[in-house]
Amino acid sequence: MRPSLTPTICVIGTWHQGAVAAACLADLGFSVIGADPDPSLIAKLATGKAGVFEPGLDDLLARGIDSGNLRFTADLTSCCSGCPFVFIMFDTPVDEQDLSDLTGIFAALDAITPSLEPGVVLYVTAQVPVGTCDQIKTRIQKARPDLEFGIAYSPENLRLGQAIKVYREPLLPVLGSDQQWVLESLEALFQPFHVQWHHVNLRTAEMTKHALNSFLAAQITLGNELGNLCDEVGADGARIAQLLRLEPRVGAKAMLMPGLAFSGGTIARDLQALRKLGDQTACDTKFLDGIWESNKSQNHLVLRKIRKFLGADLTGQNVTVLGLTYKPGTSTLRRSASLEIINDLVAAGLTVRAHDPKADRDELKKIRGFTFFEDPYTALKGARMAIILTGWPEYRDLDFQKVRAEMADSGFIDTQNMFVAEELTALGFVYMDIGRGRGAI
């Protein structure tokens, strides 16, 4: 059997990428079932509210629900009945070392396997280590040896804050499968996207995701190390990044701007997958190991800059962090560099106050170590230093005369290089950025 021409699609895993895919597919006219083992997440989605903030996603979810094309369930035992396509779209969690935890994916797979239809195509976009699709295939075959099914993988690259556009216009349109009929079935399904897909085998597709994020990690780490050196010698690392982008062999979008370490788990997950693969195969990964170690140390520069301004003894000193999410345009705090840096500050004896315009308030309740304020000016009151950690555009619109009046001292660390130094120094701030040559750290 092969999938019908008018299929119902079941999307398993609906925290972020699954919610985006389900909403976009429903908007194209497909009948979509979004399934997740978390009943509280499903209850929220059923009202048209996404589990994590993504611009435009709530409206798209509501439209799909109102049209009847989109529904949600927490029942994994029957959600796949009658569905010729099942999308495995978990946002794979990572542990403290950024290694993938596949427990939830395999548990969900075991739950849905009894209800899989003959001829079903399992389409995996969850971020998984190379070889995982073969493990999934073996697991299903063991449970249902007579089931005819296909499996495919695509490297997901949605980007929080831009996910809807990227899902509709994929930047890395790769379909990986070892079964030609599966590739043809997915090509037919995705015709409404008007994308030229590149066909590869399963393991090449899985490896492509690792390769992409490791390449991005290398660029970010190089830019950061160059920026640190530029601060020492008075060179402008941000300007150097702009100039390097003029060189065709570098590219106009090279991620070379000096700043904080990469965070969020996505890039680190794939870098760690390759390093672990190196350990398993006795293959040296010295370059990747170097990237990992450099990135781990990068965020400590915030504390070094604070010490430069406040001195060695930080006990009881008040500082305010602006921005907690791991990037603008999202509400998630998962694997946020801001939280890692705050841990550093608290361990050094600092008292930390914080603000973020979109941080998930339920997640905030589970985090200790700082005091959160809904109003940025209240958060800044009495602080000796303000520290921009997430580049929310809202912070550009602050009244910095009022900010300076509220603060007890003039320290200002801009890890996102958002501001013009001269404008803030003119207001009385001692301004510190990253990599633009304004003094040694």
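What counts, and where the lines are drawn
Residues numbered from 1 in each chain as written. Predicted model: local features only at pLDDT ≥ 70, side-chain atom pairs only at ≥ 80, totals over all residues. Heavy atoms only, no water. Helix = DSSP H or I, 4+ residues; strand = E, 2+ residues; numbered from the N terminus. Buried < 20%, exposed > 50% of the residue type's maximum accessible area, 1.4 Å probe, protein only. Contact = heavy atoms within 4.5 Å. Areas by Shrake-Rupley, 256 points an atom, 1.4 Å probe, with all protein chains shown as cover. Lys, Arg positive; Asp, Glu negative; His and termini not counted. Charge placed at Lys NZ, Arg CZ, Asp CG, Glu CD. Expected span 1.5 Å × (residues − 1). Phe/Tyr/Trp six-rings, centres within 6.5 Å; stacked < 30°, edge-to-face > 60°. Axes fitted to C-alpha atoms, helices over the stretch in contact; angles between N-to-C directions. Parallel < 35°, antiparallel > 145°, perpendicular 65-115°, else oblique. Left-handed = near helix turned anticlockwise from the far one by under 90°. Nonpolar A, V, L, I, M, F, W, Y, C, P; charged D, E, K, R; others polar. Pairing = 2+ DSSP bridges. Right-handed = clockwise from strand over helix to strand, strands pointing away. Core = buried A, V, L, I, M, F, W, Y, C linked by side-chain atoms within 4.5 Å. Salt bridge = Lys/Arg side-chain N within 4 Å of Asp/Glu carboxyl O. pLDDT = per-residue confidence, 0-100. Disulfide = S-S within 2.5 Å. Polar contact = N/O pair within 3.5 Å; in protein donor to acceptor, adjacent residues only side chain to side chain. Patch = residues over 30% accessible without salt bridge, like charges linked within 9 Å, V, L, I, M, F, W, Y side chains within 5 Å.

(A) Quick look at the overall build of the chain. Secondary structure summary: the chain contains 17 helices and 14 strands in total. For the chain, with 441 residues in total, the buried portion stands at 54%. Sequence separation of 24 or more characterises 74% of the internal contacts of the chain that already satisfy a separation of 6 or more. With the model as given, the accessible surface of the chain reaches about 19100 Å², and the carbon-plus-sulfur share is 53%. Averaging the coordinates of the 43 positive side-chain charges in the chain and doing the same for the 52 negative ones gives two points 2 Å apart.

(B) Quick peek at helix α10 (residues 266–281). For α10, spanning 16 residues, the distance from its first C-alpha to its last is 23 Å, which sits close to the expected 22 Å at 1.5 Å a residue. Each element contacted by the buried residues of α10 is listed here: α8 (202–233) and α11 (286–298). Note on α10: the residue one or two positions beyond its end, A282, has a positive phi of about 55 degrees.

(C) A look at the packing of aromatic side chains. Across all of its chains, the model carries 12 aromatic pairs by this definition. Measuring from centroid to centroid gives 6.3 Å for F400 and F429, while their planes differ by 85 degrees, and the two rings are edge-to-face. Taken together, the residues F400 in helix α16 (residues 400–406) and F429 in the loop between α17 (421–425) and β14 (430–432) connect sequence positions 29 residues apart. Ring centres 5.4 Å apart and planes at 75 degrees place the aromatic pair F412 and F429 in the edge-to-face group. Taken together, the residues span a long stretch of sequence, with F412 in strand β13 (residues 411–414) and F429 in the loop between α17 and β14 at a distance of 17 residues.

(D) Structural view of the packing of α10 against α11. Put simply, α10 and α11 touch, their axes get as near as 10 Å, and they point 140 degrees apart. As the angle between them shows, α10 and α11 are arranged oblique. In terms of crossing hand, the pair formed by α10 and α11 is left-handed. Counting all contacts with α10, which are made through A268, L271, Q272, L274 and R275, the residues of α11 involved are L288, D289, I291 and W292. Classifying every residue of the contact of α10 with α11 by side-chain character gives 6 nonpolar, 1 polar and 2 charged.

(E) Main features of the pairing of strand β9 (residues 318–322). The buried fraction of β9 is high, at 4 of 5 residues. Note that β9 and strand β10 (residues 351–355) share 5 bridges and pair parallel. For N318, the partnering residue across the bridge sits in β10 and is T351. Remark: the β9/helix α13 (residues 337–347)/β10 crossover connection has right-handed handedness. As paired elements, β9 and strand β12 (residues 385–388) share 4 bridges and run parallel to each other. Residue pairing in the sheet places V321 in a bridge with I387 of β12.

(F) How the structure looks around the sheet that holds β13. Sheet architecture is open: 6 strands sit in the order β11-β10-β9-β12-β13-β14, paired in parallel fashion. The sheet terminates laterally at β11 (371–372) and β14, the two strands that pair on one side only. Across the sheet, helix α12 (residues 301–310) touches β9, β12, β13 and β14, and the angle it forms with β12 is around 160 degrees.

(G) A look at the nonpolar core. Ranked by internal contacts, the top residues of the largest apolar core, which has 41 residues, are F87, Y167, L186 and F190. Top contributing element to this core by residue count: helix α1 (residues 17–27), with 8 residues. Not counting the four nearest positions on each side in its chain, F87 is found in contact with I9, C10, V11, I12, L25, Y123, Y167, L189 and F190. By size, the runner-up hydrophobic cluster in this structure holds 33 residues, among which are C10, L102, I140 and F149.

(H) Main features of the pairing of β10. The buried fraction of β10 amounts to 4 of the 5 residues, a majority that puts the element mostly inside the structure. For β10 and β11, the ladder comprises 2 bridges, and the chain directions are parallel. Paired with R353 across the two strands is T371, which belongs to β11.

(I) Inspection of the pattern of salt bridges at higher detail. One pass over the structure, following the stated rule, counts 16 salt bridges. Ionic contacts of the salt-bridge type, sharing partners, join the residues D27, R63 and R168 into one network.

(J) The arrangement of the confidence of the model for the chain in detail. On average, residues of the chain score 94 in pLDDT, and 98% of them are at 70 or above. Of the regions scoring below 50 in pLDDT, residues 1–5 engages in 12 contacts with residues more than four places distant in sequence or in other chains.

(K) Seen up close, the state of the cysteines. Inspection of the entire model under this criterion finds 0 disulfides. Of the cysteine sulfurs around C80, a residue in no disulfide, the closest is that of C79, at 3.8 Å. The exposure class assigned to C80 is buried, which follows from its relative accessible area of 0%.

(L) The side chain of S331, seen in detail. Tracing the backbone shows S331 in the loop between β9 and α13. Of note is the side chain of S331, whose polar atom sits 2.7 Å from the backbone nitrogen of F53. Here S331 is in contact with V52, F53, T325, K358, A359, D360 and E363, once residues within four sequence places are set aside.

(M) Seen up close, the packing of helix α5 (residues 132–143) against α8. Viewed as axis vectors pointing N to C, α5 and α8 meet at an angle of 135 degrees, and their least axial separation amounts to 9 Å. As the angle between them shows, α5 and α8 are arranged oblique. Residue-level inspection shows T132, C133 and D134 of α5 in contact with α8, the latter providing L202, R203 and E206. Per-class residue counts for the contact of α5 with α8 are 2 nonpolar, 1 polar and 3 charged.

(N) Quick look at a nonpolar patch on the surface. On the surface, L222, L226, I240, L244 and V250 cluster together to form a nonpolar patch covering roughly 350 Å² of accessible area. The topology assignment puts I240 in helix α9 (residues 237–244). On the basis of relative accessible area, I240 is assigned to the partly exposed category, the value being 32%.

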